[in-house]
Amino acid sequence: MRIVFAASEVLPFAKTGGLADVCGALPVELEAAGHEVSIIMPYYKEVGVKKVFNDRAQVDVIGQDIKVYFIKHKAFFGRSSLYGDNMNDYPDNLERFAFFCRQALELLKEIGKPVDIIHCHDWQTGLIPLLLKAPYAGEAFFSATRTVFTIHNLAYQGVFPKEEYAKLGLEEKFFNDSQVEFYGKVNLLKAGIVFSDYVTTVSPQYAKEIQTREWGCGLEGVLQSRKGRLAGILNGLDYERWNPERDVFIDPAFSARDQLAKKIHREKLQKVAGLPVLADIPVFGFVGRLCYQKGFDLIEGAFEELMHRPIQLVFLGVGEKKYQELLKKLARKNPQRFAALVRYDEDIAHQVYAGADFFLMPSVYEPCGLTQMIALRYGAIPLVSGVGGFLDTVSDCGVNKKQGNGFVLSSYSVSGLLEALDRALGLYNQKEKLAALIAQAMDCRFTWQSSVKHFNEVYAACRS
Ligand code: ADP
Ligand code: GLC
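Every chain is numbered on its own, with residues counted from 1 as its sequence reads. Each chain takes a letter, starting from A, and each ligand takes a number, starting from 1, following the order in which they are written. Since the coordinates come from a predicted model, pLDDT governs what is reported: local features require at least 70, and pairs of side-chain atoms require 80 or more to be given and counted, while whole-chain, interface and lining totals use all residues. Note: side-chain values were computed over all heavy atoms of the structure, leaving out hydrogens and water.

## Quick word on the pairing of strand β12 (residues 198-201)
Part 1 of the reasoning: The alternating pattern of β12 places Y198 and T200 and V199 and T201 on opposite faces, both of which are buried.
Part 2 of the reasoning: Relative to β12, strand β8 (residues 146-151) runs parallel, the two sharing four bridges. When the sheet's bridge partners are listed, F149 is paired in β12 with V199.
Part 3 of the reasoning: The pairing criterion is simple: DSSP has to find at least two bridges between the two strands. Only DSSP runs of H or I covering at least 4 residues are called helices, and only runs of E covering at least 2 are called strands; the numbering of each starts at the N terminus. Both β12 and strand β13 (residues 230-232) contribute to a ladder of three bridges, which runs parallel. Within the sheet, the bridge partner assigned to T200 lies in β13 and is A231. Relative accessibility under 20% of the residue-type maximum defines a buried residue, over 50% an exposed one, and the middle range a partly exposed one, all with a 1.4 Å probe and only protein chains included.

## Observations concerning the site of ligand 2
Part 1 of the reasoning: Residues in contact with ligand 2 amount to 14 residues; listed here are only the nearest, H152, N235, E366, C368 and G369.
Part 2 of the reasoning: At 2.5 Å from an oxygen atom of ligand 2 is found a side-chain nitrogen or oxygen belonging to E366.
Part 3 of the reasoning: Pairing of N or O atoms within 3.5 Å defines a polar contact, subject to two protein rules: one partner must be a possible hydrogen donor and the other a possible acceptor, and residues neighboring in sequence count only if both atoms are side-chain atoms. In the model, an oxygen atom of ligand 2 is placed 2.8 Å from a nitrogen or oxygen of the G369 main chain.
Part 4 of the reasoning: Computed with a 1.4 Å probe, the accessible areas rest on the Shrake-Rupley method; for each residue, only the protein chains presented here act as cover. When ligand 2 is considered free in solution it has 310 Å² of accessible area, and contact with the protein chains removes 93% of it.
Part 5 of the reasoning: Here the shell around ligand 2 is built from residues that sort into six nonpolar, six polar and two charged.
Part 6 of the reasoning: Each of domain 1 (2-236 + 448-463) and domain 2 (261-442) contributes no fewer than three residues to the shell around ligand 2. Residue proximity to a molecule or strand is established when one non-hydrogen atom of the residue lies within 4 Å of it. By the convention adopted, Pro, Cys, Tyr, Trp, Phe, Met, Ile, Leu, Val and Ala count as nonpolar, Lys, Arg, Asp and Glu as charged, and the other residues, Gly among them, as polar. What fixes the domain bounds is an automatic or database domain assignment.

## Remarks on the packing of aromatic side chains
Part 1 of the reasoning: Centres within 6.5 Å are what make two rings of Phe, Tyr or Trp a pair, Trp counting through its six-membered ring; a difference in plane orientation under 30 degrees is then read as stacked, over 60 as edge-to-face, and the rest as tilted. Summed over all chains, the structure comprises 31 aromatic pairs.
Part 2 of the reasoning: Note on F284 and F358: the rings are 4.9 Å apart at their centroids and 25 degrees apart in plane angle, and the pair reads as stacked. Of the two residues, F284 is situated in strand β14 (residues 283-287) and F358 in strand β17 (residues 358-361); the sequence distance between them amounts to 74 residues. The pair formed by F284 and F358 is uniform in burial state, with each residue classed as buried.
Part 3 of the reasoning: An aromatic cluster is built from Y44, F76, F77, Y83, F97, F99, W123 and F160, whose rings are joined through pairwise contacts.
Part 4 of the reasoning: Across the ring face of Y428, the terminal group of K431 is positioned such that the distance to the ring centre comes to 3.7 Å.
Part 5 of the reasoning: The positively charged end of R445 is found above the aromatic ring belonging to Y239, 5.0 Å away from the centroid. Over a ring means this: the NZ of a Lys or the CZ of an Arg is within 6 Å of the ring centre and within 35 degrees of the ring normal.

## Some points on helix α8 (residues 261-272)
Part 1 of the reasoning: For α8, which comprises 12 residues, the first-to-last C-alpha distance of 16 Å matches the rise-based estimate of 16 Å (1.5 Å per residue) to within 8%.
Part 2 of the reasoning: Within α8, burial applies to A261, K262, H265, R266, L269 and Q270.
Part 3 of the reasoning: Contacts between residues were defined by any pair of non-hydrogen atoms, one from each residue, lying within 4.5 Å. Contacts made by the buried residues of α8 are with β14, β15 (312-316), α11 (346-355) and α14 (414-428).
Part 4 of the reasoning: At the exit of α8 stands G274, carrying a positive phi of roughly 75 degrees. Multiplying one less than the number of residues by 1.5 Å gives the expected span of a helix.

## A closer look at the pattern of salt bridges
Part 1 of the reasoning: Any Lys or Arg side-chain nitrogen found within 4 Å of a carboxyl oxygen on Asp or Glu counts as a salt bridge. Enumeration over the complete set of coordinates arrives at 27 salt bridges.
Part 2 of the reasoning: As a salt-bridge pair, R343 and D345 come within 3.8 Å of each other at their nearest N and O atoms.
Part 3 of the reasoning: A relative accessible area of 36% places R343 in the partly exposed class.
Part 4 of the reasoning: One network of salt bridges, in which partners are shared, links K15, D21, R241 and E346.

## What to know about the sheet that holds strand β2 (residues 36-42)
Part 1 of the reasoning: Strand order in the open sheet formed by eight strands is β3-β4-β2-β1-β7-β8-β12-β13, with mixed pairing between adjacent strands. Only two strands of the sheet have a single partner each, and these edge strands are β3 (57-62) and β13. The mean inter-strand angle of the sheet, taken between neighbouring strand axes irrespective of direction, is 20 degrees.
Part 2 of the reasoning: Each of β1 (2-6), β2, β3, β4 (66-71) and β7 (117-121) touches helix α1 (residues 18-32); the most contacted strand, β2, lies at about 160 degrees to it.
Part 3 of the reasoning: Where helix α16 (residues 448-463) meets the sheet, its contacts fall on β1, β7, β8, β12 and β13, and the angle it forms with β8 comes to roughly 140 degrees. Note on method: axes are straight lines fitted to C-alpha atoms, helices fitted across the in-contact stretch only, with angles between N-to-C directions ranging 0 to 180 degrees.

## A word on the domain arrangement of the protein
As a measure of interface size, the accessible area lost when the parts come together is often cited.
Part 1 of the reasoning: Splitting the protein by domain gives domain 1 (2-236 + 448-463) and domain 2 (261-442).
Part 2 of the reasoning: Once you take the C-alpha centre of each, domain 1 and domain 2 turn out to be 32 Å apart.
Part 3 of the reasoning: Contacts between domain 1 and domain 2 engage 20 residues on the former and 21 residues on the latter.
Part 4 of the reasoning: Both sides together, the interface formed by domain 1 and domain 2 hides about 1500 Å², and carbon and sulfur atoms give 64% of it.
Part 5 of the reasoning: Across the contact surface, domain 1 and domain 2 share zero salt bridges.
Part 6 of the reasoning: On inspection of domain 1 and its partner domain 2, the count reaches seven residue pairs in polar contact (both at pLDDT 80 or more).
Part 7 of the reasoning: Contributions of two or more residues to the side of domain 1 that touches domain 2 are made by α1 and α6 (204-209).
Part 8 of the reasoning: Looking at the side of domain 1 that touches domain 2 element by element, the count peaks at four residues for α6. Note: buried area is the sum, over both parts, of the accessible area (probe 1.4 Å) each one loses when the two are combined.

## Concerning the packing of α8 against α11
Part 1 of the reasoning: Put simply, α8 and α11 touch, their axes get as near as 8 Å, and they point 130 degrees apart. The orientation of α8 with respect to α11, classified from their angle, is oblique. Considering how the two elements wind past one another, α8 and α11 form a crossing that is left-handed. Note on element contacts: α11 touches α8 through I348, Q351, V352, Y353, A354 and G355, opposite K262, H265, R266, L269 and V272.
Part 2 of the reasoning: Considering only residue class, the contact of α8 with α11 consists of six nonpolar, three polar and two charged. Here is the rule for angles: anything less than 35 degrees is roughly parallel, anything more than 145 is roughly antiparallel, 65 through 115 is roughly perpendicular, and the remaining ranges are oblique. A crossing counts as left-handed when the near helix is turned anticlockwise from the far one by less than a right angle, and as right-handed when that turn is clockwise.

## Details of unusual backbone geometry
Part 1 of the reasoning: Here the amide bond leading from L11 into P12 is cis, since omega sits at 10 degrees, within 30 degrees of zero.
Part 2 of the reasoning: On the secondary structure map, P12 appears in the loop between β1 and α1.
Part 3 of the reasoning: With an omega of 5 degrees, the peptide bond running from D251 to P252 counts as cis.
Part 4 of the reasoning: Within the element layout of this structure, P252 appears in the loop between β13 and α8.
Part 5 of the reasoning: Of note, Y183 is a non-glycine position whose phi angle comes to about 45 degrees, a positive value.
Part 6 of the reasoning: On the secondary structure map, Y183 appears in the loop between β10 (181-182) and β11 (185-187).

Below, the structure written as structure tokens:
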């Protein structure tokens, strides 16, 4: 099939989180499975691709022959970051991404090859399914085109004041509560959910959760109404990129059968993080966006207790100012034990995965989560909350004695966190058992090939 990805971030061109990893890796796997794939994303300042396609777009290639088109608009996309400045969203995000969606469709017409599937990702592309069902509905060029809409994070919905609706250039009739309107405002994620031919999200467990009042972020009713065409497909991990046996960021290499180098990496990490280099103290790592989702209320609540235990913690992340400040404050309180590396740094991220004994990720909710998969591959045993994609990838080694690969909090609470952490510390002192668990963790695979099978079914269902 001819498949086009429309997304607001794609690795290696621009990234703030897992969306970019997915939109960089899945197209390559789809191409390997025989599809003709291309990608459309905005031409941000940081992209820097030189080759001009036409007035509308620049172009590059990834994979074997996946054309990546970048929609140009200096005022909209030539900015210092993707979505906002100083922790505030850009005030014209509706216009920026509505422009992107329309331009993407115009570009496809210029390229001139009819498309079977436009695979859209998150609210920034939510307008595309609606445009195809309405203003573009009569166009012969798109008559056989179907849309898949993937929700990576239901908490980000692209909600704007109703006064902005006019900027979408749509007929008034779509602003109603079963389509684009959401409590009196414009909701672009809702548009994507309602108008696409198929909705997917990034893990089977999250697909269930988002249909409940607790996790539906107000859209549970809309999602339930689409349940016959809603699938939870687990993200894969790019095991070429995340491979401790061949990782340009880490030296020496290591593997499940030869874990000795992990010690060296722990020492290196302690140095990089500015912590005392102690031989027999477990290091807990964290890599991620600093936002409410990632469970910082638990970290803050458990801090004093954590500091009574023989552990060191290394946090690497950027994000909301209040969490950046929180981490810096905790590091000042106990610089021997707690390190806050407040920045985005690919190199150090690899060092954290390689050097940590355990990986801490007590998210409030987690649609899929890639970091726990990476941590597993690098033998950093994950401690996760029992939600979303964590439940599809991490199995508690106390409960599942044969195939467990980590620790799952029994409840989202400070006591749940401490209880899991104490069990991890207990295991840390049983060296043989620990080595066996690390080997088991490193052998876990969440491949894109198995997700591609599901996407093939979804694409086929759209066209039947
Ligand atoms: P989310 O998409 O919610 O941010 P994921 O777990 O799906 O979470 O993906 C996060 C991705 O971003 C991973 O590849 C992780 O290694 C990377 N990442 C997050 N923060 C940083 C950082 N500060 N430096 C380097 N990489 C980071
Ligand atoms: C989102 C989610 C994360 C998921 C990623 C890629 O940002 O927060 O759980 O792994 O998208 O799908």
